[in-house]
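The chain contents come next:
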2 protein chains.
Amino acid sequence: MEFMDIIKERRSIRKFEDRQVPGDVENTLLEAIRWSQSWANTQCWEVLVVKDKEVRSRLQASMSKGNPATKAIVEAPLLFGLAGRLQSSGYYKGRAATKFGDWFLFDLGLAAQNLCLTAQALGLGSVMVGLFDHDKAKEALGIPEGYELPVLIPLGYPAQAPKPPKRREIEEFIHYDRF
Amino acid sequence: MEFMDIIKERRSIRKFEDRQVPGDVENTLLEAIRWSQSWANTQCWEVLVVKDKEVRSRLQASMSKGNPATKAIVEAPLLFGLAGRLQSSGYYKGRAATKFGDWFLFDLGLAAQNLCLTAQALGLGSVMVGLFDHDKAKEALGIPEGYELPVLIPLGYPAQAPKPPKRREIEEFIHYDRF
């Protein structure tokens, strides 16, 4: 089944060919985010597409020490940032509806996965980058108050083919009726 | 492009045909979760598969008033619960690595989207249910301390074909280099 190949063959890719991503491909990736579901269709996402070299350098400077995606932040042909409007997902009339408060991380997870799987289907590699100084990165991108930018996503044609990291077996995480 | 059809044709489905989901399909759905990426491969997910009628009733009783998925919790042929181990995703050596603290909602979002898109590819409908009393639901499922259960996901063969809710245009959420 071809669809499961996309799920199973996706890897976190941090090295890319020196080859631009065509505009129509970039547009399809944005469409994939656009079609994501979200809490009561709140669609809290804001997408940054970062091409400017100086902005890329500032984002790179925000990476936490040892982040294996540090080079990719400047070198990837395409760099997306996923920001979320706060107090929207999981909120009704200005109040959090559940004990988890703001669901923006969940909804951005859904949208990010739409993006990464679509990238895989189009022959692109990507990686979710979350380990950085988020306030520094916000400043570099001029993200206003009321929004957060949890994730940066470098994309491009893969120049590496990493082996899949070991996964837990289904038996290790499945529970029938009770935990 | 067939893959984008899956992204675009996925709807939130809350009414299902009276038709069981074969075991091999259920297994493929679990494989899709298993292959999800996660923070440093922490794989914080635990999956509940709820078949027992009494447990289903107790979960239904935990739904917030007006939740449109209330019936689906008991009627769906298949009901998954996605739980997450806390202080794992986003943590290093017992300490949160970023200002966002625990990333379990993000990682469960990635895994949940793997599940829902795979369901769509297999002809199934699904809906993410997050509006309920999470502590009551945890109790019904015997979820231990140190875990949370943010999302329940009813699945089955769709008995409805809802129109897509209106989405923001790409132009409304894209920003080049600066917000």
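That block above? That's the structure.
Residues numbered from 1 in each chain as written. Chains lettered and ligands numbered in written order. Predicted model: local features only at pLDDT ≥ 70, side-chain atom pairs only at ≥ 80, totals over all residues. Heavy atoms only, no water.

Draft legend 1. Just the pattern of salt bridges, in detail. Applying the stated criterion to the full structure yields 20 salt bridges over all chains. One salt bridge connects K51 of chain A with E26 of chain A, and the closest N-O pair in it is separated by 2.9 Å. Highlighted residues: K51 of chain A in the loop between β1 (45-49) and α3 (53-61) and E26 of chain A in helix α2 (residues 23-34), separated in sequence by 25 residues. Under the relative-accessibility criterion, K51 of chain A is labelled partly exposed at 47%. K99 of chain B is the partner of E148 of chain A in a salt bridge, and the nearest nitrogen-oxygen pair spans 2.8 Å. Residue E148 of chain A is located in strand β6 (residues 147-156), and its partner K99 of chain B is located in the loop between β4 (95-96) and α5 (104-121); the two belong to separate chains. Its relative accessible area of 11% is what places E148 of chain A among the buried residues. Take K99 of chain B: its relative accessible area is 43%, and that puts it in the partly exposed class. Here the salt bridges share partners, and the residues they tie into one network are K8 and E169 of chain A together with E31 and R34 of chain B. (Salt bridge = Lys/Arg side-chain N within 4 Å of Asp/Glu carboxyl O. Helix = DSSP H or I, 4+ residues; strand = E, 2+ residues; numbered from the N terminus. Buried < 20%, exposed > 50% of the residue type's maximum accessible area, 1.4 Å probe, protein only.)

Draft legend 2. Structural detail: the relation of the copies chain A and chain B. In screw terms, the move from chain A to chain B is a rotation of 180 degrees and a rise of 0.0 Å along the axis, fitting with an RMSD of 0.0 Å. These values place the two chain copies in the arrangement generated by a two-fold rotation axis. Both copies share a contact surface, since 100% of the interface residues of chain A are interface residues in chain B too. (Least-squares fit on C-alpha atoms with pLDDT ≥ 70 in both. Contact = heavy atoms within 4.5 Å.)

Draft legend 3. Representation of unusual backbone geometry. In this model, Q43 of chain A sits at a positive phi of 50 degrees, which is unusual for a non-glycine residue. Its place among the elements puts Q43 of chain A in the loop between α2 and β1. The backbone of K93 of chain B sits at a positive phi, close to 50 degrees, despite the residue not being glycine. Following the sequence through the fold, K93 of chain B ends up in the loop between β3 (91-92) and β4.

Draft legend 4. Molecular detail of the sheet that holds strand β1 (residues 45-49) of chain B. The mixed open sheet is built from five strands, whose spatial order is β7(A)-β1(B)-β2(B)-β6(B)-β5(B). Both edges of this open sheet fall to β7 (174-176) of chain A together with β5 (125-126) of chain B, since each of them pairs with a single strand only. Sitting on the sheet, helix α6 (residues 134-141) of chain B touches β1 and β6 (147-156) of chain B, and the angle it makes with β6 of chain B is about 80 degrees. (Pairing = 2+ DSSP bridges. Axes fitted to C-alpha atoms, helices over the stretch in contact; angles between N-to-C directions.)

Draft legend 5. Fine view of helix α6 (residues 134-141) of chain A. Residue and element names in this part refer to chain A. Looking only at α6, the buried set comprises H134, A137, K138, A140 and L141. Buried positions in α6, seen along its axis, are confined to an arc of 160 degrees and lie on one side of it. Where α6 is buried, its residues contact β1, α3 and β6. A distance of 3.1 Å separates the backbone nitrogen of D135 from a side-chain oxygen at the start of α6, and that oxygen is part of D133. G142, located one to two residues past α6, shows a positive phi value of around 65 degrees. (Arc of directions from axis to C-beta. Polar contact = N/O pair within 3.5 Å; in protein donor to acceptor, adjacent residues only side chain to side chain.)

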